[in-house]
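Coordinate analysis (summary)
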Amino acid sequence: MNLDLHLTTACNMKCSFCGAWEYGKAASHISTEEAKEALSQGRRRGYGITTLTGGEPSLHEDYTEILEYATSIGYWTVVTTNGLLLSEEMMKTLKKCRTLVRVSIHTLDEGLHEEITGGDTLGTVKENIRLMAENGIRFGFGCTVFDGNIDEIGALAEYAQKSGAAFIRYTPVVGIRGADGMSTGYEFFKRMLKDIADICVDNVGLLDYREKGRTYTENMVRYMLTRRCAGGSGQHMIYDCHGTVLPCSFIPESEGLFRTKETGNTTERMQLVQEAADAYYARALEEGLGGECADCSYRNTCKGGCMTTKIPEGLTVSDPQPICMLKLIDELCGEYDEREAWILKSYWVDNFTRRMGVDDKDKVCMRRLPVWEINFRPGASAGDFVRRGGRQS
């Protein structure tokens with residue numbers, strides 16, 4: 001369903017936890033012709049959404065041309081950007097293409113922003129967010145959470161709501177590359193999810209969701225938490241600016257899942273990555289999942305879970321999952337009363353089922369689950385935002 005297209009490794013920020021800009025290497029850019037070919041082949045394979053990313057995609061000289069081409073062949077377009085560049089031409093294209101812009105914003109503290117990104121640019125980013133809202137461009141926020149900004153989850157959610165963002169998605173830092181050694185453990189995940197869930201429960205009137213039947217909802221919560229990684233499937237594929245097809249940005253090349261230009265044309269590389277990913281996760285079952293995973297009734301569908309929680313710990317695909325999302329969410333729901341837990345489950349399931357693709361429904365990206373998100377209903381920016389403890393603003 002989603003083809004990520006990396007336009008460049010160049011970036012005008014140098015976020016400390018990000019490896020997308022390839023430390024110490026000269027910037028690379030995909031050719032416009034190759035970008036269009038990748039998009040075209042992706043459509044033929046059934047991908048309906050493309051996310052233009054990088055590096056910073058707006059640094060590509062034909063950024064708007066590639067965006068318009070993607071729209072013209074039927075993609076719903078998403079752009080992941082740091083928000084520093086926003087010209088009149090870009091705004092016109094984003095609006096014409098009805099592109100969803102996901103702005104990476106990790107703090108509202110100017111000093112911490114400079115420490116994270118390497119530049120005194122928070123004011124520029126916030127001004128461009130204001131311009132997008134003013135010009136009717138649909139946008140949301142993406143926030144990578146680590147020890148240094150975990151206390152800002154609530155403040156960032158309030159800023160997202162007040163600024164007119166459609167959503168804010170928080171993702172836990174992956175402890176590799178520049179983030180090597182940063183906290184990614186079970187208690188860190190639990191604290192993150194609790195803070196996000198508190199905001200949802202306290203601000204239910206601002207959320208975009210519709211309730212479904214109780215049995216369906218309870219079953220779907222367990223379904224979405226126990227699927228195999230979507231990387232390299234009909235749900236998610238990456239084409240980088242070197243022409244390499246890969247399943248996930250966080251799984252290293254050493255795992256044997258990348259396919260470079262030497263291995264075939266675009267369609268062949270996508271097929272080879274899909275086959276390699278299927279074999280990779282099948283190996284987890286063949287070798288026998290260890291620990292609690294060995295006796296879990298969902299082991300045949302989960303197949304060991306997300307690798308972003310294993311790789312930083314030096315674990316293999318067949319090692320036990322150190323952060324079981326099903327266990328974590330069960331514990332989290334147990335901290336709320338019945339009404340509050342029902343709000344959370346209803347909200348999660350409605351947002352999950354809305355975006356579920358027609359292909360590879362047995363696969364899911366743990367880092368893109370709605371448990372990490374606050375999706376605001378249209379017009380929510382006019383409502384009061386409640387912080388835990390009852391304060392409204």
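Going by the structure above, here's the rest.
Described in the following lines is the structure provided in the data block. (Residues numbered from 1 in each chain as written. Predicted model: local features only at pLDDT ≥ 70, side-chain atom pairs only at ≥ 80, totals over all residues. Heavy atoms only, no water.)

**Regarding the pairing of strand S1 (residues 2-6)**
Along S1, five of the five residues are buried, which leaves the element largely enclosed by surrounding structure. The alternating pattern of S1 places Asn2, Asp4 and His6 and Leu3 and Leu5 on opposite faces, both of which are buried. Across five bridges, the pairing between S1 and strand S2 (residues 49-53) is parallel. Bridging from a neighbouring strand, His6 pairs with Thr53 of S2. Inspection of the sheet shows S1 paired to strand S8 (residues 236-239) by four bridges, in the parallel sense. Among the inter-strand pairings, Leu5 is bridged to a residue of S8, identified as Tyr239. (Buried < 20%, exposed > 50% of the residue type's maximum accessible area, 1.4 Å probe, protein only. Helix = DSSP H or I, 4+ residues; strand = E, 2+ residues; numbered from the N terminus. Pairing = 2+ DSSP bridges.)

**Here we look at helix H9 (residues 266-287)**
A rise of 1.5 Å per residue sets the reference length of H9, with its 22 residues, at 32 Å; its end C-alpha atoms lie 31 Å apart and thus fit the reference within 8%. Those residues of H9 lying buried are Thr266, Arg269, Met270, Val273, Gln274, Ala276, Ala277, Tyr280, Tyr281 and Ala284. Down the axis of H9, the buried side of the element spans an arc of 165°, and every buried residue falls inside it. Buried-residue contacts for H9 involve S1, helix H1 (32-44), strand S7 (228-229), S8 and strand S9 (245-246). One side-chain oxygen of the residue at the start of H9 lies 3.2 Å from the amide nitrogen of Thr267, identifying that residue as Asn265. Among the residues trailing H9, Gly288 stands out with phi positive, at a value near 90°. (Expected span 1.5 Å × (residues − 1). Arc of directions from axis to C-beta. Contact = heavy atoms within 4.5 Å. Polar contact = N/O pair within 3.5 Å; in protein donor to acceptor, adjacent residues only side chain to side chain.)

**Topic: the packing of aromatic side chains**
Under the criterion given, the structure shown has seven aromatic pairs. Relative to Phe141, the ring of Phe139 lies with its centre 5.9 Å away and its plane at 40°, an arrangement referred to as tilted. A relative accessible area of 1% means that Phe139 is categorised as buried. Residue classification places Phe141 among the buried positions, given a relative accessible area of 0%. Measuring from ring centre to ring centre gives 5.1 Å for Tyr280 and Tyr281, while their planes differ by 85°; the resulting arrangement is edge-to-face. No difference in accessibility class separates Tyr280 from Tyr281, as the two residues are buried. Over the ring of Trp342 we find Arg214; its NZ or CZ atom is 4.1 Å from the centre of that ring. (Phe/Tyr/Trp six-rings, centres within 6.5 Å; stacked < 30°, edge-to-face > 60°. Lys NZ or Arg CZ within 6 Å of the ring centre and 35° of its normal.)

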